[in-house]
Amino acid sequence: MKVVQSGVPLSGPYLDEHEEQLVLEVLRSGRLSLGPTIDAFEELVAAKVGAPYAAAVSSGTTGLHLLCISAGISAGDEVITTPYSFAASANCFIYEGGVPVFADIDRATLNMDPAAVEAAVTPRTKAIVAVDIYGYPCELDELRAIAERHGLALIQDSCEALGAEYRGATIGSHGPSAVFAFYPNKQITTGEGGIVTTHSEEEWRLLRSLRNQGRGDSGGWLEHVRLGYNYRLDDVRAALGIGQVEKLDEILALRRDVAARYGELLGDIDGVELPLADDADHRRSWFVYVVLLPSNADRERVIAHFEREGIGYNRYLPSVHLQPYMRERYGFSEGLCPVSEDVSSRSLALPFFTALGRDAQERVAEALTAAL
Ligand SMILES: Cc1ncc(COP(=O)(O)O)c(C=O)c1O
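The rules behind each value
Residues numbered from 1 in each chain as written. Predicted model: local features only at pLDDT ≥ 70, side-chain atom pairs only at ≥ 80, totals over all residues. Heavy atoms only, no water. Near = heavy atom within 4 Å. Polar contact = N/O pair within 3.5 Å; in protein donor to acceptor, adjacent residues only side chain to side chain. Areas by Shrake-Rupley, 256 points an atom, 1.4 Å probe, with all protein chains shown as cover. Nonpolar A, V, L, I, M, F, W, Y, C, P; charged D, E, K, R; others polar. Helix = DSSP H or I, 4+ residues; strand = E, 2+ residues; numbered from the N terminus. Expected span 1.5 Å × (residues − 1). Buried < 20%, exposed > 50% of the residue type's maximum accessible area, 1.4 Å probe, protein only. Contact = heavy atoms within 4.5 Å. Phe/Tyr/Trp six-rings, centres within 6.5 Å; stacked < 30°, edge-to-face > 60°. Lys NZ or Arg CZ within 6 Å of the ring centre and 35° of its normal.

Q: Would you mind going over the site of the ligand with me for this structure?
A: For the ligand, the set of nearby residues contains 13 residues, the closest of which are Gly-60, Thr-61, Asp-157, Glu-160 and Lys-186. One nitrogen or oxygen atom from the side chain of Glu-160 is found 2.6 Å from an oxygen atom belonging to the ligand. Out of a free accessible area of 390 Å², the ligand has 91% covered by protein chains. Partitioned by chemical class, the residues of the shell around the ligand number 6 nonpolar, 4 polar and 3 charged.

Listed below in structure tokens is the structure:
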């Protein structure tokens, strides 16, 4: 990842004295882990996304892994997921011996195309891991219908989509269990961290046990009722998270403004495709700002120009099935998911964060225009 210090950085957190104060209080309380701040953070996030239960975890990846365990994914089970994502959305079930089956994406939404998902179902399919890429909600109703028809688990990787809305309701509220992530480039951060939301009390209890070394609800510190993990979030991070969730509405509104300004500044650059606009069913929570360069443009030339100008960027996102370890393990190669591969070759993430100002955005727009 390229983050340029003296120029326009790619991303950055949005924090102030409020978070510092909340973290200080935890430090001074002596309850640094397994304390009450975790519960408070979970309740706050659950209320915010409209899910009855939430379990905080150490990262988005660990949350996804726990949902794969909860879904009973085991060796040889096929799991359908999107190639246009961060590697963790496939890794989470590979940890359990699940076999990745990639369904190509829709060119407009960049999310999995439900028709491709349906076509990928076999008698060995166990689950679907759907991603809300770049905070744009996936086709949840269609994917749910496919999952129900074939008796599959549906896991929602909403790591990039805190606060997004699908068909008028917040992601997390619809029913499928969802994971949100809090790495510092996300809408809100806990440093490292994540949270799983679920509508099942039974699953919630299982998640709390799994993240805590397999300890049971009752029983002692040294009693382990199942194979567990240390996937806990600590109270220091939970305090940071509370301060951030309290700012979430403000953060989402500011990010929406930043995106709208990019829309104005970049709209006239010939051949550059901007992120898909919201519609009645999909309201994006802005995570990154990724444009598609014209197919005849040389992305590396644009990047070289950004480097000279001190402007942050990233090649979001390479297609997961073409990552070196995927080619090696499963023999995947070019042509498996042509839409994803085409988008991967042309996409470029521009600097995007909550406090990004118009002047810096103008510099980015000028640099992009000049490079093309
Ligand atoms: C789509 C997606 N899934 C999973 C993850 C994993 O989250 P984390 O980095 O917190 O483990 C991320 C975060 O980058 C992500 O963007």
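Q: Honestly, helix H9 (residues 248–266) in this entry has me stumped. Any pointers?
A: Residue pairs three or four apart in sequence face the same way in an α-helix, which turns once every 3.6 residues. Between its first and last C-alpha atoms H9 spans 27 Å; for 19 residues at 1.5 Å apiece the expected length is 27 Å, and the two agree. Every buried residue belonging to H9 is among Leu-248, Ile-251, Leu-252, Arg-255, Val-258, Ala-259, Arg-261, Tyr-262 and Leu-266, and all of these are buried. Elements in contact with the buried residues of H9: helix H2 (36–49), helix H8 (235–246), strand S11 (289–292), strand S12 (347–350) and helix H13 (358–371).

Q: Please explain the packing of aromatic side chains as it appears in this structure.
A: Both the distance between ring centres and the angle between the ring planes are used here to describe each pair of aromatic rings. Using the criterion set out here, one finds 10 aromatic pairs in the structure. Geometrically, the ring pair formed by Trp-286 and Phe-352 is tilted, given 6.1 Å between the ring centres and 40° between the ring planes. Highlighted residues: Trp-286 in the loop between strand S10 (282–283) and S11 and Phe-352 in the loop between S12 and H13, separated in sequence by 66 residues. Each member of the pair Trp-286 and Phe-352 is classed as buried. Centroid distance Tyr-289 to Phe-352: 6.2 Å. Interplanar angle 25°. Geometry classified as stacked. In this pair, Tyr-289 sits in strand S11 while Phe-352 sits in the loop between S12 and H13, placing the two residues 63 residues apart along the sequence. By the burial criterion, Tyr-289 is buried, and Phe-352 matches it. Through a chain of ring-to-ring contacts, the aromatic side chains of Tyr-262, Trp-286, Tyr-289 and Phe-352 assemble into a single cluster. Geometry around Trp-221 places Arg-215 over its ring, the cationic atom sitting 3.4 Å from the centre. Sitting over the ring of Trp-286, Arg-284 keeps its end group 4.7 Å from the ring centre.

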